[in-house]
Amino acid sequence: MVRAIEGLSTVKLWVVYSSNRLFLLQFLRACFRKLQPLSHQPCDPETPPPASLISTTVYRAEAECSPVAEHSEAEIDHDDSREEKLVAELDALRQEVQRLQQANRDLYLSLATTAEHGDLIEAQLQQTNEQLQAEVEERKRAQATLKALIKAISKRKDDLEIVVQTIMEHGDVMDTQWSLKLTEINKIASLDALTEIANRRRFDEHLEYQWKQMTRERSPLALILCDIDRFKQFNDAYGHLAGDDCLQRVASALNHCVNRPSDLVARFGGEEFAAVLPQTDLEGAIRVAERMQRAIARLQIDHPQSLVSPFVTLSIGVACVMPASDLSSEELIHLADQHLYLAKQQGRNQIIAALAPSYPTVL
Amino acid sequence: MGYVMDIKTDDYSIRHDSESATVFLRGFLRLDGMEKYQPVMDVLLTAVEQSAELTIDLRELEFLNSSGISMLSMFVVKVRDKGNVTLTLKGCDKVLWQTKSLKNLQRLMPSLTLVFA
């Protein structure tokens, strides 16, 4: 309706300024036809429009036109034919307008749809973008956590490597320490506490070992057993401390009378000492026994109670055998002990090395 | 904080002297596995909670087995991670294991002080 009124304003202008009345009439008719679809009212071009729509000026103009219409019938026919053409053109234009309006509506719809679709896509993209941003943030956080974790694990791994190495080296060094301790304990276990030379346990061990060794080598094994003469009287006279001192000095002197690593001087018990001499014949053993006798004499330990000398002396029994698998080391000890007994019997401070007839000797 | 008893057996003794902030380990520590070392670890951890400067005196600890050095390593790592403790280990250069293993503990905690007497 608004468009129709706007159209009327234009019509007024044309009425005021046009001098061609016929053209004005045709124009008005065309206008009426145009108005009809716009106002949605049936409208005959011959019927004057309602007063509300057309101003009086318009009707005055039409009235003034009528003498002209009477003036020429031919012109009127010609005008009718043009009018029909115009009507046809108007119809075509109207259809065109309708088509364009439809197209416009379609385009508008299409535009609206597209815009709506675009909005939707944009919203979706926005949402996806936000999700991705969130995901990126989450991944960054996860990455940072992972990095921290890797750092922690790596540190832990380094620690554990050091701990493992520490434990391993510690194990080795403890082994060494135990081994040193064992050696020390073995040494203590094989030494006589007072005289600090080999004890009876060590003597037995060494004799047994050398017995087997000499059996294999078919070499002679000699044994010296010696006893401090009248030691009980020495103790009684000077006391046990002096007795201990005497034992220590005698032991040390005897120990210095042998040089080879396989030779062993030991405290056999009480005031008795022994020397194991592998690869030594009786002659060699007697030489060692004599050396021992001289070494003790050099000590010049006073012993007034001794009946054989003013100083401490030794009675010595020497024995030597060729060890064999059907003999035992105890028999060598027994033999040396017999010789020692003989030495004591025959007045002490002497060496007895008589051979038992049943034993082969190397003399 | 719970009171942790000092430990004393025929073979070894663990004593925490709060006044000097020192834990003394003495004797032969040969406990069987880390679990058995937990009471020793507890004494050390309690001591380190009580003082920011702690000394562990190992001079008279003649023997320490592998589980023991492992426990000591873990303790050093814990102290290092705690971050605010000054730790000193006193050793004896006549005890062979101390001259070797204590240096390795210093690798775990570079700020660890070793004192040999």
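Remember, predicted model here, so these are calculated numbers, not experimental data. (Residues numbered from 1 in each chain as written. Chains lettered and ligands numbered in written order. Predicted model: local features only at pLDDT ≥ 70, side-chain atom pairs only at ≥ 80, totals over all residues. Heavy atoms only, no water.)

Where do I start with the overall build of chain B in this structure?
When its secondary structure is counted, chain B shows three helices and seven strands. For chain B, the succession of helices and strands along the chain, N to C, is β-β-β-α-β-β-α-β-α-β. The burial tally for chain B puts 51% of its 117 residues in the buried class. Contacts in chain B between residues at least 24 apart in sequence constitute 68% of all its contacts with a sequence separation of at least 6. Carbon and sulfur atoms make up 48% of the accessible area of chain B, which amounts to about 5800 Å² in all. (Helix = DSSP H or I, 4+ residues; strand = E, 2+ residues; numbered from the N terminus. Buried < 20%, exposed > 50% of the residue type's maximum accessible area, 1.4 Å probe, protein only. Contact = heavy atoms within 4.5 Å. Areas by Shrake-Rupley, 256 points an atom, 1.4 Å probe, with all protein chains shown as cover.)

Before we go on, may I ask you to explain the overall build of chain A in this structure?
Within chain A, the secondary structure is distributed over nine helices and five strands. Listing every helix and strand of chain A by position from the N terminus yields α-α-α-α-α-β-α-α-β-β-α-β-α-β. In chain A, buried positions account for 31% of the 363 residues. Of the contacts made within chain A by residues no fewer than 6 positions apart, 69% connect residues no fewer than 24 positions apart.

Could you clarify how one ought to interpret the interface of chain B and chain A in this entry?
One frequent convention defines the size of an interface as the accessible area lost when the parts assemble. Each partner contributes residues to the interface: chain B has 22 residues there, and chain A has 18 residues. Both sides together, the interface formed by chain B and chain A hides about 1800 Å², and carbon and sulfur atoms give 66% of it. Contact with chain A buries area across many residues of chain B, yet Phe63, Leu96 and Arg107 of chain B alone supply 29% of it, more than any other trio. In this assembly, chain B and chain A are joined by two salt bridges. (Buried area = accessible area lost by both parts, 1.4 Å probe. Salt bridge = Lys/Arg side-chain N within 4 Å of Asp/Glu carboxyl O.)

Hey, could you run me through the nonpolar core in this one?
Burial of nonpolar side chains together is a common tendency in soluble globular proteins. Counting 43 residues, the largest nonpolar core has Ile14, Leu25, Leu29, Ile56, Phe75, Leu87 and Trp97 of chain B as the members making the most contacts within it. At seven residues, helix H2 (residues 66-82) of chain B tops the list of elements feeding residues into this core. In terms of nonpolar packing, the next biggest core, distinct from the first, is built from 33 residues, Ala251, Val258, Leu282 and Ile316 of chain A among them. (Core = buried A, V, L, I, M, F, W, Y, C linked by side-chain atoms within 4.5 Å.)

Just checking my understanding: could you explain the environment of Thr195 of chain A for this structure?
Residues and elements named next belong to chain A. As for its position among the elements, Thr195 is in the loop between helix H4 (73-190) and helix H5 (200-217). On the accessibility criterion, Thr195 (7% relative accessible area) is buried. In this structure, Thr195 is in contact with Leu247, Gln248, Ala251 and Arg267, ignoring residues within four places of it in sequence. Within the local environment of Thr195, its side chain forms a polar contact with the side chain of Asp192, the two groups lying 2.6 Å apart. (Polar contact = N/O pair within 3.5 Å; in protein donor to acceptor, adjacent residues only side chain to side chain.)

Hey, could you run me through the sheet that holds strand S3 (residues 272-278) of chain A in this one?
Two strands in a sheet stick together by hydrogen bonds in their backbones, pointing the same way (parallel) or opposite ways (antiparallel). Residue and element names in this part refer to chain A. The five strands lie next to each other as S2-S3-S1-S4-S5, forming an open sheet whose pairing is mixed. In this open sheet, the two edge strands, each paired with only one partner strand, are strand S2 (264-269) and strand S5 (351-352). As defined by bridge partners, strand S1 (residues 221-228) adjoins strand S4 (residues 314-321) across eight bridges and the pair is classed as antiparallel. Bridge pairing in S4 links Ile224 to Val318. (Pairing = 2+ DSSP bridges.)

Would you take a moment to explain the pairing of S4 of chain A for this structure?
On a regular strand, one side chain projects to one face of the sheet and the next to the other, so that they alternate. All names here are of chain A. Along S4, eight of the eight residues are buried, which leaves the element largely enclosed by surrounding structure. Note: S4 against S5, two bridges, orientation parallel. Looking across to S5, one finds that Ile316 is bridged to Ile351. Traced from S4 through helix H9 (residues 329-345) to S5, the parallel crossover comes out left-handed. (Right-handed = clockwise from strand over helix to strand, strands pointing away.)

Please clarify how the packing of aromatic side chains should be interpreted in this entry.
Geometry of an aromatic ring pair is reported as the spacing of the ring centres plus the angle between the planes. Inspection of every chain in the model, using the stated rule, returns six aromatic pairs over all chains. Here the aromatic rings of Trp178 of chain A and Phe63 of chain B are separated by 4.0 Å at their centres, their planes lie at 20 degrees, and the arrangement is stacked. Placement of Trp178 of chain A in helix H4 and of Phe63 of chain B in strand S5 (residues 61-64) is noted, with the two residues assigned to different chains. For Phe63 of chain B, a relative accessible area of 1% translates into the label buried. (Phe/Tyr/Trp six-rings, centres within 6.5 Å; stacked < 30°, edge-to-face > 60°.)

Mind showing me how you'd approach unusual backbone geometry here?
Trans is the common state for peptide bonds, and a negative phi is the common state for residues other than glycine. Residues and elements named next belong to chain A. A positive phi angle, close to 60 degrees, is found at Glu196, a residue other than glycine. On the secondary structure map, Glu196 appears in the loop between H4 and H5. Of note, Arg348 is a non-glycine position whose phi angle comes to about 65 degrees, a positive value. Judged by its relative accessible area of 26%, Arg348 falls in the partly exposed class.

Where do I start with helix H1 (residues 38-50) of chain B in this structure?
Within an α-helix, residues lying three or four positions from one another point in the same direction, as the helix has 3.6 residues per turn. Between its first and last C-alpha atoms H1 of chain B spans 18 Å; for 13 residues at 1.5 Å apiece the expected length is 18 Å, and the two agree. The set of residues buried in H1 of chain B consists of Val40, Met41, Val43, Leu44, Thr46, Ala47 and Val48 of chain B. (Expected span 1.5 Å × (residues − 1).)

Even after reading the chapter, I still don't get the packing of H2 of chain B against helix H3 (residues 96-108) of chain B, so can you show me in this structure?
Each packed pair of helices is defined by two parameters, the angle between the axes and the distance between the axes. Residues and elements named next belong to chain B. Remark: H2 packs on H3, axes separated minimally by 9 Å, with the N-to-C direction vectors making an angle of 30 degrees. Compared by their axis directions, H2 and H3 come out roughly parallel. Viewed along their axes, H2 and H3 form a crossing whose handedness is right-handed. Of H3, the residues touching H2 (which contributes Ile69, Leu72, Ser73, Val76, Val77 and Arg80) are Trp97, Ser101, Leu105 and Leu108. Grouping the constituent residues of the contact of H2 with H3 by class yields seven nonpolar, two polar and one charged. (Axes fitted to C-alpha atoms, helices over the stretch in contact; angles between N-to-C directions. Parallel < 35°, antiparallel > 145°, perpendicular 65-115°, else oblique. Left-handed = near helix turned anticlockwise from the far one by under 90°. Nonpolar A, V, L, I, M, F, W, Y, C, P; charged D, E, K, R; others polar.)

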